[in-house]
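# Tertiary structure, described
Residues per chain, in single letters:
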Amino acid sequence: MTSNKVVVPGVRDVRGSLDEPEGETDGVIVACPPHPQFDGNRNDNRLVALSEYLTDHGIACLRFDYSDWDEGYGEREDARNAVRFARERYDSVGIFGFSFGGAIATLAGVDENVDVIALLAPASRLTDELDAAAALDDVEVPLKVLYGTRDDLADWEPLVERADELGFETEEFPADHFFIGQEQKVANRLGEFLVARLGSPA
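This text gives an overview of the structure that appears in the document. (Residues numbered from 1 in each chain as written. Predicted model: local features only at pLDDT ≥ 70, side-chain atom pairs only at ≥ 80, totals over all residues. Heavy atoms only, no water.)

A few words on the packing of helix H1 (residues 45–56) against helix H6 (residues 183–198). It is at 8 Å that the axes of H1 and H6 come closest, and there the two elements cross at 50°. Comparing the axis directions of H1 and H6 gives the class oblique. As H1 runs across H6, the sense of the crossing is right-handed. Across the interface between the two elements, Asn 45, Arg 46, Ala 49, Leu 50, Glu 52, Tyr 53 and Leu 54 of H1 pack against Glu 183, Gln 184, Ala 187, Asn 188, Leu 190, Gly 191, Glu 192, Leu 194 and Val 195 of H6. Per-class residue counts for the contact of H1 with H6 are eight nonpolar, four polar and four charged. (Axes fitted to C-alpha atoms, helices over the stretch in contact; angles between N-to-C directions. Helix = DSSP H or I, 4+ residues; strand = E, 2+ residues; numbered from the N terminus. Parallel < 35°, antiparallel > 145°, perpendicular 65-115°, else oblique. Left-handed = near helix turned anticlockwise from the far one by under 90°. Contact = heavy atoms within 4.5 Å. Nonpolar A, V, L, I, M, F, W, Y, C, P; charged D, E, K, R; others polar.)

Here eight strands make up an open sheet; going across it, the order is E1-E2-E4-E3-E5-E6-E7-E8 and the pairing mixed. The sheet is open, and its two edges are formed by strand E1 (2–8) and strand E8 (169–173), each paired on a single side. Neighbour-to-neighbour, the strand axes of this sheet turn through a mean angle of 20°, independent of strand direction. As paired strands, strand E7 (residues 143–148) and E8 are joined by five bridges and run parallel to one another. Bridge pairing links Val 145 to Thr 170 in E8. (Pairing = 2+ DSSP bridges.)

Turning our eyes to something else, we now look at helix H2 (residues 73–87). Residues lying three or four places apart along an α-helix face the same way, a consequence of the helix completing one turn every 3.6 residues. The end-to-end C-alpha distance of H2, which contains 15 residues, comes to 21 Å, matching closely the 21 Å that a straight helix rising 1.5 Å per residue would cover. Taken as a whole, H2 has its buried residues at Gly 74, Glu 75, Asp 78, Ala 79, Asn 81, Ala 82, Val 83, Phe 85 and Ala 86. The inward-facing, buried residues of H2 abut E1, strand E2 (14–20), strand E3 (27–32), strand E4 (60–64), strand E5 (92–98) and helix H3 (100–112). (Expected span 1.5 Å × (residues − 1). Buried < 20%, exposed > 50% of the residue type's maximum accessible area, 1.4 Å probe, protein only.)

Evaluated as defined, the whole model comprises five aromatic pairs. Here the aromatic rings of Trp 69 and Phe 100 are separated by 5.8 Å at their centres, their planes lie at 50°, and the arrangement is tilted. Placement of the pair is Trp 69 in the loop between E4 and H2 and Phe 100 in helix H3, with a sequence separation of 31 residues. Take Trp 69: its relative accessible area is 29%, and that puts it in the partly exposed class. Residue Phe 100 is classed as buried on the basis of its relative accessible area of 5%. Taking the centre distance of 6.5 Å and the plane angle of 70° together, the rings of Phe 173 and Phe 179 count as edge-to-face. Of the two residues examined, Phe 173 and Phe 179, each falls in the buried class. One cation-aromatic arrangement involves Arg 89 over Phe 85; the distance from NZ or CZ to the ring centre is 3.6 Å. (Phe/Tyr/Trp six-rings, centres within 6.5 Å; stacked < 30°, edge-to-face > 60°. Lys NZ or Arg CZ within 6 Å of the ring centre and 35° of its normal.)

A few words on the nonpolar core. If you look at the biggest cluster of nonpolar residues, it comprises 41 residues, and the most contacted ones within it are Val 28, Val 30, Cys 32, Leu 62, Phe 64, Ile 95 and Leu 143. Not counting the four nearest positions on each side in its chain, Cys 32 is found in contact with Leu 47, Phe 64, Tyr 66, Ala 79, Ile 95, Phe 96, Gly 97, Phe 98, Gly 101, Ile 104 and Ala 105. Membership of the second largest hydrophobic core comes to 26 residues, among which are Ala 49, Phe 98, Ala 118 and Val 195. (Core = buried A, V, L, I, M, F, W, Y, C linked by side-chain atoms within 4.5 Å.)

That's the geometry; what it means functionally is another story.
Below, the structure is given as C-alpha coordinates:
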(Lines give C-alpha, C1' and ligand atoms only; values in the text may rest on other atoms or scores of the structure.)
Protein backbone atom coordinates (compact mmCIF):
# COMPACT_ATOMS: atom_id res chain seq x y z
CA MET A 1 0.00 0.00 0.00
CA THR A 2 1.06 3.53 -0.74
CA SER A 3 -0.48 6.57 0.95
CA ASN A 4 -0.39 10.09 -0.46
CA LYS A 5 -1.63 13.29 1.12
CA VAL A 6 -4.19 15.10 -1.03
CA VAL A 7 -6.17 18.32 -1.00
CA VAL A 8 -9.83 17.93 -1.96
CA PRO A 9 -10.97 20.79 -4.23
CA GLY A 10 -13.78 23.01 -2.94
CA VAL A 11 -14.53 26.18 -1.01
CA ARG A 12 -13.73 24.48 2.31
CA ASP A 13 -10.23 23.30 3.27
CA VAL A 14 -10.38 19.51 3.14
CA ARG A 15 -7.23 17.40 3.44
CA GLY A 16 -7.03 13.67 3.00
CA SER A 17 -4.91 10.56 2.66
CA LEU A 18 -5.33 8.50 -0.50
CA ASP A 19 -4.33 4.91 0.24
CA GLU A 20 -3.72 2.86 -2.89
CA PRO A 21 -3.07 -0.87 -3.34
CA GLU A 22 -0.13 -2.37 -5.12
CA GLY A 23 -0.93 -2.40 -8.82
CA GLU A 24 -3.78 -0.75 -10.70
CA THR A 25 -7.34 -0.39 -9.46
CA ASP A 26 -10.49 1.27 -10.76
CA GLY A 27 -12.30 1.29 -7.39
CA VAL A 28 -12.15 3.51 -4.31
CA ILE A 29 -14.02 3.93 -1.03
CA VAL A 30 -14.37 7.42 0.48
CA ALA A 31 -14.16 7.08 4.29
CA CYS A 32 -15.99 9.64 6.47
CA PRO A 33 -14.63 10.04 10.02
CA PRO A 34 -16.62 10.42 13.24
CA HIS A 35 -17.59 13.71 14.89
CA PRO A 36 -14.82 16.31 14.44
CA GLN A 37 -15.65 18.03 17.71
CA PHE A 38 -14.78 14.78 19.52
CA ASP A 39 -11.43 14.28 17.81
CA GLY A 40 -12.89 12.46 14.81
CA ASN A 41 -10.39 12.47 11.96
CA ARG A 42 -9.03 10.39 9.11
CA ASN A 43 -6.65 8.51 11.43
CA ASP A 44 -9.52 6.96 13.39
CA ASN A 45 -8.68 3.31 14.12
CA ARG A 46 -11.80 2.02 12.40
CA LEU A 47 -11.13 3.99 9.20
CA VAL A 48 -7.50 2.88 9.12
CA ALA A 49 -8.42 -0.79 9.67
CA LEU A 50 -10.93 -0.68 6.81
CA SER A 51 -8.46 1.07 4.53
CA GLU A 52 -5.87 -1.61 5.20
CA TYR A 53 -8.38 -4.33 4.35
CA LEU A 54 -9.44 -2.56 1.14
CA THR A 55 -5.93 -1.93 -0.14
CA ASP A 56 -4.97 -5.53 0.66
CA HIS A 57 -7.86 -6.56 -1.62
CA GLY A 58 -7.13 -4.24 -4.53
CA ILE A 59 -9.35 -1.25 -3.67
CA ALA A 60 -8.16 2.28 -2.88
CA CYS A 61 -9.41 4.30 0.10
CA LEU A 62 -9.68 8.06 0.49
CA ARG A 63 -9.71 9.03 4.18
CA PHE A 64 -10.32 12.73 4.77
CA ASP A 65 -10.66 15.32 7.52
CA TYR A 66 -13.62 17.67 7.65
CA SER A 67 -12.98 21.39 7.40
CA ASP A 68 -14.21 23.85 10.06
CA TRP A 69 -17.24 22.68 12.06
CA ASP A 70 -20.51 23.58 10.35
CA GLU A 71 -23.29 21.69 12.18
CA GLY A 72 -23.15 18.84 9.67
CA TYR A 73 -23.95 20.95 6.60
CA GLY A 74 -20.38 21.81 5.66
CA GLU A 75 -19.28 18.30 6.59
CA ARG A 76 -21.80 16.84 4.14
CA GLU A 77 -20.35 19.12 1.47
CA ASP A 78 -16.84 17.98 2.40
CA ALA A 79 -17.90 14.38 1.79
CA ARG A 80 -19.62 15.28 -1.47
CA ASN A 81 -16.46 17.01 -2.68
CA ALA A 82 -14.39 13.99 -1.65
CA VAL A 83 -16.65 11.74 -3.73
CA ARG A 84 -16.35 14.08 -6.72
CA PHE A 85 -12.58 14.11 -6.32
CA ALA A 86 -12.57 10.31 -6.23
CA ARG A 87 -14.93 10.02 -9.21
CA GLU A 88 -12.47 11.94 -11.37
CA ARG A 89 -9.84 9.27 -10.66
CA TYR A 90 -11.73 5.97 -10.40
CA ASP A 91 -14.53 4.28 -12.31
CA SER A 92 -16.25 2.91 -9.21
CA VAL A 93 -16.75 4.92 -6.02
CA GLY A 94 -18.28 3.80 -2.74
CA ILE A 95 -18.62 5.54 0.60
CA PHE A 96 -18.19 4.48 4.23
CA GLY A 97 -18.84 6.32 7.46
CA PHE A 98 -18.50 5.69 11.18
CA SER A 99 -20.80 7.28 13.79
CA PHE A 100 -21.39 10.96 12.80
CA GLY A 101 -19.62 9.98 9.58
CA GLY A 102 -22.25 7.31 8.99
CA ALA A 103 -24.95 9.95 8.68
CA ILE A 104 -22.68 12.07 6.51
CA ALA A 105 -21.87 9.09 4.27
CA THR A 106 -25.56 8.28 3.80
CA LEU A 107 -26.49 11.84 2.87
CA ALA A 108 -23.49 12.41 0.60
CA GLY A 109 -23.85 8.97 -0.94
CA VAL A 110 -27.40 9.74 -2.02
CA ASP A 111 -26.43 13.20 -3.31
CA GLU A 112 -23.53 11.92 -5.39
CA ASN A 113 -24.95 8.58 -6.62
CA VAL A 114 -22.15 6.39 -5.28
CA ASP A 115 -22.00 2.69 -6.18
CA VAL A 116 -22.14 1.20 -2.68
CA ILE A 117 -22.59 2.42 0.92
CA ALA A 118 -21.33 0.90 4.19
CA LEU A 119 -22.11 2.31 7.63
CA LEU A 120 -20.69 1.56 11.07
CA ALA A 121 -22.66 2.59 14.18
CA PRO A 122 -24.24 5.44 12.20
CA ALA A 123 -26.06 8.42 13.66
CA SER A 124 -29.62 8.40 12.36
CA ARG A 125 -30.09 12.17 12.20
CA LEU A 126 -27.91 15.24 12.67
CA THR A 127 -30.59 17.94 12.26
CA ASP A 128 -34.18 17.96 10.98
CA GLU A 129 -32.81 18.60 7.50
CA LEU A 130 -29.91 16.15 7.80
CA ASP A 131 -31.94 12.99 8.41
CA ALA A 132 -29.93 9.95 7.35
CA ALA A 133 -32.64 7.44 8.24
CA ALA A 134 -35.09 9.24 5.94
CA ALA A 135 -32.46 9.48 3.21
CA LEU A 136 -32.35 5.68 3.02
CA ASP A 137 -35.57 5.89 1.00
CA ASP A 138 -33.51 7.39 -1.83
CA VAL A 139 -30.69 4.82 -1.76
CA GLU A 140 -30.68 2.72 -4.93
CA VAL A 141 -27.37 0.88 -4.44
CA PRO A 142 -26.21 -1.93 -2.12
CA LEU A 143 -25.99 -0.75 1.49
CA LYS A 144 -24.89 -2.44 4.70
CA VAL A 145 -25.16 -1.24 8.30
CA LEU A 146 -23.09 -2.78 11.08
CA TYR A 147 -23.88 -1.75 14.65
CA GLY A 148 -23.03 -2.66 18.24
CA THR A 149 -25.80 -4.03 20.44
CA ARG A 150 -24.32 -2.24 23.48
CA ASP A 151 -23.96 1.09 21.68
CA ASP A 152 -25.63 3.75 23.81
CA LEU A 153 -23.88 6.75 22.25
CA ALA A 154 -25.10 6.86 18.66
CA ASP A 155 -28.82 7.03 17.94
CA TRP A 156 -28.53 4.18 15.44
CA GLU A 157 -31.86 2.43 16.01
CA PRO A 158 -34.07 4.49 13.63
CA LEU A 159 -31.62 4.08 10.77
CA VAL A 160 -31.19 0.34 11.33
CA GLU A 161 -34.96 -0.15 11.59
CA ARG A 162 -35.50 1.72 8.31
CA ALA A 163 -32.70 -0.20 6.62
CA ASP A 164 -34.35 -3.47 7.65
CA GLU A 165 -37.72 -2.28 6.36
CA LEU A 166 -36.17 -1.43 3.00
CA GLY A 167 -34.38 -4.75 2.71
CA PHE A 168 -30.83 -3.51 3.14
CA GLU A 169 -28.23 -5.66 4.88
CA THR A 170 -27.78 -5.10 8.61
CA GLU A 171 -25.51 -6.93 11.04
CA GLU A 172 -25.17 -6.65 14.80
CA PHE A 173 -22.03 -7.11 16.86
CA PRO A 174 -21.81 -7.69 20.64
CA ALA A 175 -19.96 -4.41 21.08
CA ASP A 176 -20.25 -0.84 22.29
CA HIS A 177 -19.99 2.22 20.07
CA PHE A 178 -16.23 2.04 19.62
CA PHE A 179 -15.79 -1.71 18.88
CA ILE A 180 -12.70 -1.78 21.08
CA GLY A 181 -10.56 -4.77 20.19
CA GLN A 182 -12.85 -5.66 17.31
CA GLU A 183 -11.72 -3.07 14.78
CA GLN A 184 -10.17 -5.65 12.49
CA LYS A 185 -13.13 -8.02 12.66
CA VAL A 186 -15.49 -5.16 11.82
CA ALA A 187 -13.20 -3.99 9.01
CA ASN A 188 -13.17 -7.49 7.56
CA ARG A 189 -16.96 -7.75 7.55
CA LEU A 190 -17.54 -4.37 5.94
CA GLY A 191 -14.54 -4.77 3.67
CA GLU A 192 -15.87 -8.07 2.30
CA PHE A 193 -19.18 -6.38 1.50
CA LEU A 194 -17.55 -3.39 -0.20
CA VAL A 195 -15.00 -5.33 -2.24
CA ALA A 196 -17.62 -7.80 -3.47
CA ARG A 197 -19.89 -5.03 -4.70
CA LEU A 198 -17.39 -2.53 -6.01
CA GLY A 199 -16.06 -4.97 -8.57
CA SER A 200 -12.75 -6.58 -9.27
CA PRO A 201 -9.61 -4.44 -9.53
CA ALA A 202 -8.46 -3.49 -13.00
